[in-house]
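Examination of the molecular architecture
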Amino acid sequence: MYNFISVFSFLEIWYTTVTIPKMLSNLLSEHKSISFIGCLLQMYFFHSLGVTEGLVLTVMAIDRYVAICNPLRYAIIMTPRLCVQLSTGSCIFGFLILLPEIIWISTLPFCGPNQIHQLFCDFEPVLRLTCTDTSMILVEDVIHAVSILASVSIISLSYLRIITVILRIPSGESRQKAFSTCAAHITIFLLFFGSVALMYLHFSVTFPPLLDKATALMFAVLAPLFNPVIYSLRNKDMKNAIKKIFYPQKMFNASGS
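Residues numbered from 1 in each chain as written. Predicted model: local features only at pLDDT ≥ 70, side-chain atom pairs only at ≥ 80, totals over all residues. Heavy atoms only, no water.

A few words now on the state of the cysteines. According to the stated counting rule, one finds 2 disulfides in the structure shown. Covalent S-S linkage joins Cys39 and Cys121, the inter-sulfur distance amounting to 2.1 Å. Here the S-S torsion is close to -125 degrees, and the disulfide linking Cys39 with Cys121 is therefore left-handed. With Cys39 in helix H2 (residues 36-69) and Cys121 in the loop between helix H5 (99-106) and helix H6 (123-127), this residue pair connects regions lying 82 residues apart in the sequence. This pair shows no difference in class: Cys39 is buried, exactly as Cys121 is. The disulfide partner of Cys111 is Cys131, and the gap between their sulfur atoms is 1.4 Å. One end of the pair, Cys111, is in the loop between H5 and H6; the other, Cys131, is in the loop between H6 and helix H7 (136-167), and 20 residues separate them in sequence. (Disulfide = S-S within 2.5 Å. Helix = DSSP H or I, 4+ residues; strand = E, 2+ residues; numbered from the N terminus. Buried < 20%, exposed > 50% of the residue type's maximum accessible area, 1.4 Å probe, protein only.)

In structure tokens, the structure reads:
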């Protein structure tokens, strides 16, 4: 589990680095622009890292499934070698799957004015600026929808099975411990895929520009901000450290008694 969390954290660092520095630079600058190559690279790395994160979350759900549904065989099934293979495979697939789409976009002709009504370069706002038939936007939406729904289906089925097994545990304390093990991942899953669904599953429905930007902000900034907070608060040592910071006198008295 900690192997996958460390990979997920590493991806989050680069995921936010791709968009936030340029976003902040444009907010502070009068000349809000990005080069065509820079825009393509931003789209590629942002979505490749996002797809990889989705795959890592899917693998984490499978890991929790094995841990709770097959606890005696967990060490045999989820070996360190398999964990490395799953993490590496997620990264390779995530960075290769978007490459043909980016290459295709780089060959399209664009008409002025090249104004993107979004906080960063994204597929749909960029494709709307092309001089060719924009029906490919729907095809692009369908591709994203299939990949998103595939991950959501695997994670949902894993947790349905996990919940079924947990509810059969006779001990209330054991049930609580099992649910606690999965709580952080379920929260991250809902936050990540919830924001992804708002961004990429509305197809031809047009949202107001302000709502579009608010959704993008949640997807690119708020979700990565809350992820480490959620995982930290699920860690017993981290919670004790936070208590010591905010309630030092109380902790001193408790230890003195």
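Glancing now at the nonpolar core. Looking at soluble globular proteins, one finds that nonpolar side chains tend to be buried together. Judged by nonpolar contacts, the single largest core of 42 residues is most densely connected at Phe46 and Leu57. At the level of secondary structure, the elements contributing two or more residues to this core comprise helix H1 (2-28), H2, H7, helix H8 (172-200) and helix H9 (209-233). Sequence-distant contacts of Leu57, that is, excluding residues within four places in its chain, are made with Phe8, Ile155, His185, Ile188, Phe192 and Phe193. By size, the runner-up hydrophobic cluster in this structure holds 12 residues, among which are Ile105, Leu108, Phe123 and Val126. (Core = buried A, V, L, I, M, F, W, Y, C linked by side-chain atoms within 4.5 Å. Contact = heavy atoms within 4.5 Å.)

Moving on, we come to H8. Under the 1.5 Å per step criterion, the end-to-end length of H8 is 40 Å for 29 residues, consistent within 8% with the ideal 42 Å. Along its length, H8 shows its largest kink, about 35 degrees, at Ala183. (Expected span 1.5 Å × (residues − 1). Bend = angle between axes of the 7 residues up to and from the residue.)

Let us now look at the pattern of salt bridges. According to the stated counting rule, one finds 2 salt bridges in the structure shown. Where Asp63 meets Arg64, a salt bridge forms, and the shortest distance between an N and an O atom there is 2.9 Å. Arg64 sits in the buried class, given a relative accessible area of 9%. One salt bridge connects Arg128 with Glu124, and the closest N-O pair in it is separated by 2.6 Å. Judged by its relative accessible area of 47%, Arg128 falls in the partly exposed class. (Salt bridge = Lys/Arg side-chain N within 4 Å of Asp/Glu carboxyl O.)

Attention shifts here to the packing of H1 against H2. Between H1 and H2, whose axes approach to 9 Å, the crossing angle comes to 160 degrees. The angle between H1 and H2 falls in the class roughly antiparallel. Between H1 and H2 lies a crossing of left-handed hand. In this structure, H1 contributes Phe4, Ile5, Val7, Phe8, Leu11, Glu12, Trp14, Tyr15, Val18, Thr19 and Lys22 to the contact, and H2 contributes Gln42, Phe45, Phe46, Leu49, Gly50, Thr52, Glu53, Val56, Leu57, Val59, Met60 and Asp63. For the contact of H1 with H2, a count of residues per class yields 15 nonpolar, 4 polar and 4 charged. (Axes fitted to C-alpha atoms, helices over the stretch in contact; angles between N-to-C directions. Parallel < 35°, antiparallel > 145°, perpendicular 65-115°, else oblique. Left-handed = near helix turned anticlockwise from the far one by under 90°. Nonpolar A, V, L, I, M, F, W, Y, C, P; charged D, E, K, R; others polar.)

Looking now at the packing of aromatic side chains. According to the stated counting rule, one finds 9 aromatic pairs in the structure shown. A centroid spacing of 6.1 Å and a plane angle of 70 degrees characterise the contact between Tyr44 and Phe95, whose relative ring orientation is edge-to-face. With a gap of 51 residues between them, Tyr44 in helix H2 and Phe95 in helix H4 (residues 80-97) connect regions that are remote in the sequence. Given the relative accessible area of 12%, Tyr44 is considered buried. You can call Phe95 partly exposed: its relative accessible area is 22%. A centroid spacing of 5.1 Å and a plane angle of 85 degrees characterise the contact between Phe192 and Phe193, whose relative ring orientation is edge-to-face. The residues Phe192 and Phe193 share a single accessibility class, namely buried. In this structure an aromatic cluster arises from ring pairing among Tyr15, Phe46 and Phe120. (Phe/Tyr/Trp six-rings, centres within 6.5 Å; stacked < 30°, edge-to-face > 60°.)

Remember that the coordinates give geometry; whether it matters functionally is a separate question.
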